[in-house]
Amino acid sequence: GLLLDTEEGTAIRGGEALPLTATEVRLLAFLMERADRLASYSQLAEALHGSEGAGWEDLDARQALSTHMWRLRRKLGQDAGGNPYIVNVRGRGYKFVSVPD
C-alpha cells in the first residue's frame with residue numbers, strides 16, 4: 001500500500017519514503033480523503049489555495065495543476081498490481097483509486 005505522512009511530507013510505498021513537495025502533499029491528502037470520488041480542477045485548486053483557487057478554471061491554471069499532478073503521479077508510480085494510484089478523468093479532474101485489501 002501507500003501511506004501518507006503529512007507531517008513529514010512523504011508518502012511511503014512498499015517501505016520506501018517518497019519525498020513530496022508541500023503542494024504534492026496537499027493534493028494527495030485531498031485526493032486520499034475523497035478516495036474513489038472525482039475531484040474537479042476547481043476542487044483541487046481550492047484545496048491548494050482556499051477560496052482564491054475558485055477561479056482556476058482558465059487554461060493556464062489547469063495546465064499548472066496538471067503539471068503538479070503529473071509529477072505526483074510519477075513519484076507515486078503504481079501499486080503492486082500495476083494500477084496507478086491516481087487516475088485522470090479527461091477534462092474533468094482526478095481521483096485516487098483505493099485498492100481493496
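Before reading further, recall that the structure is shown in the block above.
About the cut-offs
- Residues numbered from 1 in each chain as written.
- Predicted model: local features only at pLDDT ≥ 70, side-chain atom pairs only at ≥ 80, totals over all residues.
- Heavy atoms only, no water.
- Helix = DSSP H or I, 4+ residues; strand = E, 2+ residues; numbered from the N terminus.
- Buried < 20%, exposed > 50% of the residue type's maximum accessible area, 1.4 Å probe, protein only.
- Areas by Shrake-Rupley, 256 points an atom, 1.4 Å probe, with all protein chains shown as cover.
- Pairing = 2+ DSSP bridges.
- Axes fitted to C-alpha atoms, helices over the stretch in contact; angles between N-to-C directions.
- Phe/Tyr/Trp six-rings, centres within 6.5 Å; stacked < 30°, edge-to-face > 60°.
- Salt bridge = Lys/Arg side-chain N within 4 Å of Asp/Glu carboxyl O.
- Core = buried A, V, L, I, M, F, W, Y, C linked by side-chain atoms within 4.5 Å.
- Contact = heavy atoms within 4.5 Å.

Chemist: An account of the overall build of the protein chain is requested, with residue identities and associated values reported.
Modeler: Counting its regular elements, the protein chain contains 3 helices and 6 strands. Along the protein chain, helices (α) and strands (β) appear in the sequence β-β-β-α-β-α-α-β-β when read from the amino end. The buried share of the protein chain, reckoned over its 101 residues, is 32%. Accessible surface for the protein chain amounts to roughly 6100 Å². Of this, 48% is attributable to carbon and sulfur atoms.

Chemist: Lay out the sheet that holds strand β2 (residues 10-13) in plain terms, naming residues and giving numbers.
Modeler: Neighbouring strands of a sheet are bound in pairs by backbone hydrogen bonds; such pairs are parallel or else antiparallel. Read across the sheet, 3 strands follow the order β1-β2-β3 without closing on themselves; strand pairing throughout is antiparallel. At either margin of the open sheet sits one strand with a lone partner, and together these are β1 (2-5) and β3 (16-19). Along the sheet, successive strands turn relative to each other by an average axial angle of 25 degrees, direction set aside. Alignment of β2 against β3, held across 4 bridges, turns out to be antiparallel. When the bridges of β3 are listed, A11 appears paired with L18.

Chemist: Quick rundown of the packing of aromatic side chains? Include the residues and the values.
Modeler: Overall, the coordinates contain 2 aromatic pairs when judged by the stated rule. Judged by centre distance (6.0 Å) and plane angle (80 degrees), the ring pair of Y41 and Y94 falls under edge-to-face. Separated by 53 residues along the polypeptide, Y41 in helix α2 (residues 41-49) and Y94 in strand β6 (residues 93-96) bring together distant segments of the chain. Taking relative accessible area as the criterion, Y41 reaches 7% and is therefore assigned buried. With centroids separated by 6.3 Å and ring planes inclined at 15 degrees, the aromatic side chains of Y85 and F96 adopt a geometry described as stacked. In this pair, Y85 sits in the loop between α3 (59-76) and β5 (86-89) while F96 sits in strand β6, placing the two residues 11 residues apart along the sequence. Take Y85 and F96: they sit in the same class, and that class is buried.

Chemist: Describe the pattern of salt bridges, with residues and values.
Modeler: Scanning all chains against the criterion turns up 1 salt bridge. Salt-bridge contacts for E24 lead to K75; the nearest nitrogen and oxygen are separated by 2.7 Å. Of the two residues, E24 sits in helix α1 (residues 22-33) while K75 sits in helix α3, which places them 51 residues apart along the sequence. Residue class for E24 comes out buried when judged on its relative accessible area of 2%.

Chemist: Got a sec to walk through the nonpolar core? Specific residues and values, please.
Modeler: Judged by nonpolar contacts, the single largest core of 21 residues is most densely connected at L28, L31, L44, L76 and I86. Going through the elements one at a time, α1, α2, α3 and β6 are the ones with two or more residues in this core. With 5 residues, α1 is the largest single contributor of residues to this core. Residues contacting L76, with those up to four places away along its chain left out, are L2, A11, R13, L18, L28, Y85 and I86.

What is shown is where atoms sit, not what they do.
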